[in-house]
Every structure is written in structure tokens, then in C-alpha cells.
There are 2 protein chains.
Amino acid sequence: MKKYGFGVDIGGTTCKLGLFETTGTLLEKWEIPTDTSNEGKNILSDIAKSLKEKMEEQIIQEEDIEGIGIGLPGPVRRDGVVPTCVNLGWKNRNVGKEMEALMDGIKVKAANDANVAALGEMWQGGGRGCKNMVMVTLGTGVGCGIIIDGEIVPGSNGAGGEIGHITVNPHETIPCNCGRKGCLEQYASATGIARIAREHLAQKHESSLLEEIGEVSAKAVFDVYKDGDETAESIVEEFASILGNALSNLACVLDPEVFVIGGGVSKAGKPLLDAVEKYYRQAAFSSCDSIRFALASLGNDAGMYGCVRLILE
Amino acid sequence: MKKYGFGVDIGGTTCKLGLFETTGTLLEKWEIPTDTSNEGKNILSDIAKSLKEKMEEQIIQEEDIEGIGIGLPGPVRRDGVVPTCVNLGWKNRNVGKEMEALMDGIKVKAANDANVAALGEMWQGGGRGCKNMVMVTLGTGVGCGIIIDGEIVPGSNGAGGEIGHITVNPHETIPCNCGRKGCLEQYASATGIARIAREHLAQKHESSLLEEIGEVSAKAVFDVYKDGDETAESIVEEFASILGNALSNLACVLDPEVFVIGGGVSKAGKPLLDAVEKYYRQAAFSSCDSIRFALASLGNDAGMYGCVRLILE
């Protein structure tokens, strides 16, 4: 194994770049803007230029680099082809091959950003020591990365781990962004929790600390939940029941060692984890009793970590 | 690759043994009784004796055998250890190692029977040509084997693919064999379909061909369904809606290339497949539109095929 690796997490606005030791230590991280003009044709060359400057600055030779891992916000096929990536303007690009050419033959691998984040958490984060893991990212939507025997499950259409679109409520009348109704994402994302909160506030007659905060957000709900507010409690119970039950179904399918919960909503920490786990335990199939719950620990760096892990295979 | 392989599918009553060419051709199959007395201590030696006799009879040398694959009715850990197998009376047996010793060092691999059946269908059956597949076995219960990138997903507790215990109806009052309520198995197994049928018959006032048959079974339901009986139609629609919706949720998780439907109930053939697929298509997440449905085609031999595929890895 060579000494260094680069992790490159491409987002729609900025690219996060990291220089790592292949043992798992992040040595340095920096960002460059993502230039999405002209169908994103400069993105890879901008990244290559920045990586080469870093190699020069740190006096690192090509032969000391194990490879470059790339995460990007769209589906990536097993052969490295990105059929389409709306946020970057890409269509039918072989990211691996193109980047290898730009980096003078250094090995490059690419994968979906939610999946590399899961791989990063398995390697150096909340799922450390596990090879079978489901990472659930509670952000604007509900993302998920599935790792089986140390490998990402991308799915045959790039839809592996799209658990945000599991139907959890067939009676829902409001449509999800995907056009269907009753998706997990409509209840367990930041947006979903805020919606549940507004519904509870509209129905309740008692006053709630939540009303005093003004804008009803997932963060606000968990803030007053920790203070023991009853309305917040009923909101969190509804959210946790839906997510805990969905994960108990997922356990019957994948039987992972651990569920790692990440994303902005997970900043609520242990009270959130405890609430979800309570409902999971009530619902779980007996063989899946021992599955653990953990919080993600790498924050926004998880993707970069996972990119480096990707090239170590 | 050597020329021959043995597939051994151990059941609670009989062991199915098959001599295969490693290209995938079943040359000969036979059965021996499973001796479960004395905590099943003779099972492996009985099998070894039978395999050696076959080698002698067919004049096959050890060096022409790639290996022996074993399927058994219980969880098998990745290291080949069977923690417990109630039907065989086994506890903490390393089946791979024990069998290798009995067979003079020929390579042996073991896995759960539902999982090897899925592997068999992927290799030479309904999922031929695919590497990402979910096989659903509709029998007394609902079994499932998940294959990702050509490999079985056993789960960290051997509960990978236990989709029969996904909760599909949180309002169910009758308990499942697992002790929980509303499991997929309670509606989509042979037993489940018969139960739905009895409920429909009790509620209906019109006469049904089904009543004339006497014993209400899944087979009887599909027989009169094909004849256009209205009560059977409503029963099949209920079954197909529950299974089709559950598979649409599974698609958001695993995104396989194909769902292969097997087991006794699947003998109803294309009318069953069409009914399930109709509800799947109505519910599916758009990225998973292209997932195909196929009938299993190897019947009771699927396990033996999968055992041989197991040793080719």
C-alpha cells in the first residue's frame, strides 16, 4: 500500500478535497468552487490542477499515491460511467478514465456521494470495525448508503439505498418530490419533521415552547424536546416511530451489524438516536435484536474519507 | 477450473445430491435419507460415503473435482460455522472444515439453503445472466435469497433476506409464527393465501367455484382464478397487491436487476407473476421501473445448482 491518497467529494457548489494517509489519517483538506458552466466540462481539470498543486507544495511524488477517490451527487455505474448528473451538468461521462488521463495514470475510482459517505463512516466513523452497515442520512431528504461485506451496494439503476422512497404510509394524500405518496422522506427528513411539527401545532390547544421559537424546524423541535416540551415529544415520537419501524423492516432484508444515523438532523444526537432505537427494538424481528445504532461522526468529511477507502480495495 | 463439482442440499428428511460439470450441467442426481439421530452426527459422513461411491462408480478422481457445495436449513456464518440448525440437530459445527476432512481435502463451502437456491437460479435458472437478484420463495412461508454482485447476502445474524417478516400490515390482530403481527408471510405464503381465501369466502354471498373444490388452498385459488372466478380474483388481487407493494419497497433498497419468484405457490405461473408485477409497476420508484420479474425455473434442484456455483467463486 502506498502512503497517500486523495479524497474528492464533488458537490454542486464546491468540491471538498482531502489529502490522506492510506492508514486513515486526514492530513489536510481544502475546497475549490465547482464550475458547472459548459455542462461542467472544467470540473475534473480544475480538480486535477488543484491536486497537482498540492502534490508540488507537499513534495509528494506520483509513485507515493495509491489513488484518487471521487464522490459525486448522482448515480455511478460499476464501470465508472456517470449516465447523468443533473447538479454537475454531466451526461455519459467516464469519470474514472477521464481523471486518470488528467492525473498521468494515477488510479481513480468514482461512486455516488451518499454511498462514499457510508463507506467513510464504516472506515473511520460511526461504523468503524463493521463490514455490514446501513447509513441513514437525515437531511433535506432521507439518504442512505448500504455496505455489504465492506462494499457499497449501488443497485442496478443507481437506486440502491434509496430508502427515502420506501412507502411508509399508503394513506398519505400529499405527494412526495418523487411524485408518489407516503414516502419515508416525507416524515423522517428535516422537511418532514417540520411538517409533522406544523400539523401537531395546528391540532394542539396547549401552548408549546415550539411556538415561541418562531420558525418551526427539525432543529427547533429537538431543541425543545430536550427541554421536555410535550408537543415536541409527540412530534419526535411520531418521527421516531415511523423511522424505527422502517429500519426494523430494513433489518429483515439486510441484517446489518449497525445502523449509523447521520445528516443535519442527527446533530440532535443521543436523544434522537434513543427515540428511534426504542421503536426499532419494539418492532424488530428477533434475529435482528443485536443490531446496534450509532451516530455518524465524520460530519461533512465522511464523503472524502469514503473516497479514499474506495481506492484501497 | 476443474471438470466436476458436487452440490449437496441437506433437508430435514432427505439430502439431495448432484454431480455437475462446472460449466453448469447437472449430470446425475440422487437422494439419501437425512439421519437426524444423535444430534445429526452421521449426516456429513453419510454424504461423504455416498459422494465417494459416486466417484468410484463414475471413475472420477479427486483432482478432477473443483469442490463440494453444501446448502442447509439454517444460518451459516461467513467462516462456515453453523451456530445452530434445529432441523438437523446441529450446534456450533464447522461444516466446511468437517466435510473437507471427510473428503480428503476437497474444497467445501456451505451456505443457507434459501440463499444457495437463489444463487442456483442466478446461475442457471430464472435469473440467468444477472448478478443482482432477489429470489422470493412462496411456500409454506415466504423465503428470500438476496444476491448482490454475484454474492449471497447472508446478513450479520443470518437474517439477510428474511423478507417474510417485513411488517406489511401494522393493524393485523392475528400473530405470525415469529410472534409479531402483520408480517408479509401472513399474506403472501401458501398458508397466507389460504387464509385470505377463507376470509373472502366467509364475507361473500355469491357462490364461488372455490367452494366446490373443498379444501381451500393457494393452489385451488389460482386454479379457479385462471377460470375467471370472481372470488378467486379478489383473493389474488389482495395477495398480489401486498406482495407487489412490498417488492416495490425492496426495490428502493436493493435495486436488483430481477425479482425471481419461486416456491410451490409459483407453480401458478404467469397469471401469478402478472398480478404481482401489475401492483409492483403501480407502486415502484421511477428509477426502479426497469426491474424485471421472472419465474424460477429449476424447481427443487435450485439448491444443488447454487451449491455448485458457490464453489466456483
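Residues numbered from 1 in each chain as written. Chains lettered and ligands numbered in written order. Predicted model: local features only at pLDDT ≥ 70, side-chain atom pairs only at ≥ 80, totals over all residues. Heavy atoms only, no water.

S.K.: It is not clear to me how the relation of the copies chain B and chain A should be interpreted in this structure. Could you clarify?
M.R.: One copy of the chain maps onto the second through a rotation around an axis plus a translation along that axis. Aligned on chain A, chain B shows an RMSD of 0.0 Å; the corresponding rotation is 180 degrees and the shift along the axis is 0.0 Å. The two molecules are tied by a two-fold rotation axis, judged by turn and shift. (Least-squares fit on C-alpha atoms with pLDDT ≥ 70 in both.)

S.K.: So what exactly am I meant to see when it comes to the packing of aromatic side chains here?
M.R.: The way to describe two aromatic rings as a pair is by their centre distance and the angle between their planes. A full pass over the atoms with the stated rule returns 15 aromatic pairs over all chains. Here Trp123(B) and Tyr305(B) contribute two aromatic rings whose centre-to-centre distance is 6.5 Å and whose plane-to-plane angle is 70 degrees, an arrangement assigned as edge-to-face. Placement of Trp123(B) in helix 4 (residues 113–124) and of Tyr305(B) in helix 11 (residues 302–311) is noted, with a sequence separation of 182 residues between them. For the pair shown, Trp123(B) and Tyr305(B) are each scored as buried. Chaining the aromatic ring pairs together yields one cluster made of Phe20(A), Trp123(A) and Tyr305(A). (Phe/Tyr/Trp six-rings, centres within 6.5 Å; stacked < 30°, edge-to-face > 60°. Helix = DSSP H or I, 4+ residues; strand = E, 2+ residues; numbered from the N terminus. Buried < 20%, exposed > 50% of the residue type's maximum accessible area, 1.4 Å probe, protein only.)

S.K.: Looking at this structure, I do not really get the interface of chain B and chain A. What am I missing?
M.R.: Frequently, the measure chosen for interface size is the accessible area that the parts lose on association. The interface is formed by 37 residues belonging to chain B together with 37 residues belonging to chain A. Summing the contributions of chain B and of chain A, the shared interface buries around 2,700 Å²; its carbon and sulfur component is 54%. Contact with chain A buries area across many residues of chain B, yet Val253(B), Asp255(B) and Phe285(B) alone supply 22% of it, more than any other trio. One can count 22 residue pairs in polar contact (both at pLDDT 80 or more) joining chain B with chain A. Elements with a minimum of two residues in the side of chain B that touches chain A: strand 9 (142–148) and helix 9 (230–254) of chain B. Among the elements that line the side of chain B that touches chain A, the one with the most residues is helix 9 of chain B, at six residues. (Contact = heavy atoms within 4.5 Å. Buried area = accessible area lost by both parts, 1.4 Å probe. Polar contact = N/O pair within 3.5 Å; in protein donor to acceptor, adjacent residues only side chain to side chain.)

S.K.: In this structure, what is going on with the nonpolar core? I would like to understand it.
M.R.: Grouped burial of nonpolar side chains is what soluble globular proteins tend to show. Ile163(A), Phe239(A), Leu247(A), Ile163(B), Phe239(B) and Leu247(B) are the most contacted members of the largest nonpolar core, which totals 110 residues. When residues no more than four places from it in sequence are discounted, the contact partners of Phe239(A) are Leu138(A), Tyr187(A), Ala188(A), Ile193(A), Ile196(A), Phe222(A), Leu272(A) and Val276(A). (Core = buried A, V, L, I, M, F, W, Y, C linked by side-chain atoms within 4.5 Å.)

S.K.: What should I look at first to understand the sheet that holds strand 11 (residues 258–262) of chain B in this one?
M.R.: As a general point, the strands of a sheet are linked pairwise by backbone hydrogen bonds and lie either parallel or antiparallel. Residues and elements named next belong to chain B. With mixed pairing, the five strands of this open sheet are ordered in space as 10-9-8-11-12. On the outer flanks of this sheet lie strand 10 (151–152) and strand 12 (292–295), each paired with one strand and no other. In this sheet, strand 9 lies alongside strand 8 (residues 133–138) in antiparallel orientation, the contact comprising six bridges. In the strand pairing of strand 9, Met133 is matched with Ile147. (Pairing = 2+ DSSP bridges.)

S.K.: Would you mind going over the pattern of salt bridges with me for this structure?
M.R.: Opposite charge on two side chains permits pairing when their charged atoms draw close. All names here are of chain A. In the structure shown here, the tally under the stated rule is 28 salt bridges over all chains. Glu172 serves as the salt-bridge partner of Arg195, at 3.3 Å between the closest nitrogen and oxygen. With Arg195 in helix 6 (residues 190–203) and Glu172 in the loop between strand 10 (151–152) and helix 5 (185–188), this pair connects stretches of sequence that are 23 residues apart. Each member of the pair, Arg195 as well as Glu172, carries the same accessibility label: buried. Close ionic contact of Asp274 with Lys270 constitutes a salt bridge, the shortest N to O distance being 2.9 Å. One end of the pair, Asp274, and the other, Lys270, are both in helix 10 (residues 270–283), four residues apart, so they sit about a helical turn from each other. Asp274 sits in the partly exposed class, given a relative accessible area of 35%. By relative accessible area, Lys270 is classed as exposed at 55%. Counted as one network, the salt bridges with shared partners bring together Glu28, Lys54 and Glu57. (Salt bridge = Lys/Arg side-chain N within 4 Å of Asp/Glu carboxyl O.)

S.K.: Looking at this structure, I do not really get unusual backbone geometry. What am I missing?
M.R.: All names here are of chain A. Even without glycine at this site, Asp104 takes up a positive phi of about 55 degrees. Inspection of the secondary structure puts Asp104 in the loop between helix 3 (95–102) and strand 7 (108–112). We classify Asp104 as partly exposed; its relative accessible area is 45%.

S.K.: Which parts of the structure should I look at to understand the sheet that holds strand 11 (residues 258–262) of chain A?
M.R.: All names here are of chain A. Here five strands make up an open sheet; going across it, the order is 10-9-8-11-12 and the pairing mixed. The two strands at the open ends of the sheet, each matched to only one other strand, are strand 10 and strand 12 (292–295). Helix-sheet contacts for helix 4 (residues 113–124) involve strand 8 (133–138), strand 9 (142–148), strand 10 and strand 11, and the interaxial angle to strand 9 is about 55 degrees. This element, helix 9 (residues 230–254), spans strand 8, strand 9, strand 11 and strand 12 of the sheet and lies at about 155 degrees to strand 8. (Axes fitted to C-alpha atoms, helices over the stretch in contact; angles between N-to-C directions.)

S.K.: Looking at this structure, how should I read the environment of Asn92(A)?
M.R.: Residues and elements named next belong to chain A. One can find Asn92 in strand 6 (residues 90–94). Since its relative accessible area comes to 60%, Asn92 is described here as exposed. Separated by 168 residues in the primary sequence, Asn92 and Val260 place their C-alpha atoms 32 Å from one another. Excluding anything up to four places from it in sequence, Asn92 contacts Val81, Val82, Pro83 and Thr84.

S.K.: Can you help me understand the domain arrangement of chain A in this one?
M.R.: Residues and elements named next belong to chain A. Here the domain parsing of chain A yields domain 1 (4–120 + 301–311) and domain 2 (129–297). The straight-line distance from the C-alpha centre of domain 1 to that of domain 2 is 29 Å. Contact residues are listed per partner, giving twelve residues for domain 1 and 13 residues for domain 2. Interface of domain 1 and domain 2: buried area, both sides summed, is about 830 Å²; carbon and sulfur atoms make up 65% of it. The largest per-residue losses of area from domain 1 upon contact with domain 2 belong to Asn115, Ala118 and Leu119, which jointly make up 54% of the total buried on that side. At the surface where domain 1 touches domain 2, the tally comes to zero salt bridges. Where domain 1 touches domain 2, the interface holds zero residue pairs in polar contact (both at pLDDT 80 or more). Those elements that place two or more of their residues in the side of domain 1 that touches domain 2 are helix 4 and helix 11 (302–311). With six residues, helix 4 is the largest single contributor of residues to the side of domain 1 that touches domain 2. Across the side of domain 1 that touches domain 2, the residue classes tally to nine nonpolar, one polar and two charged. (Domains from an automatic or database assignment. Nonpolar A, V, L, I, M, F, W, Y, C, P; charged D, E, K, R; others polar.)

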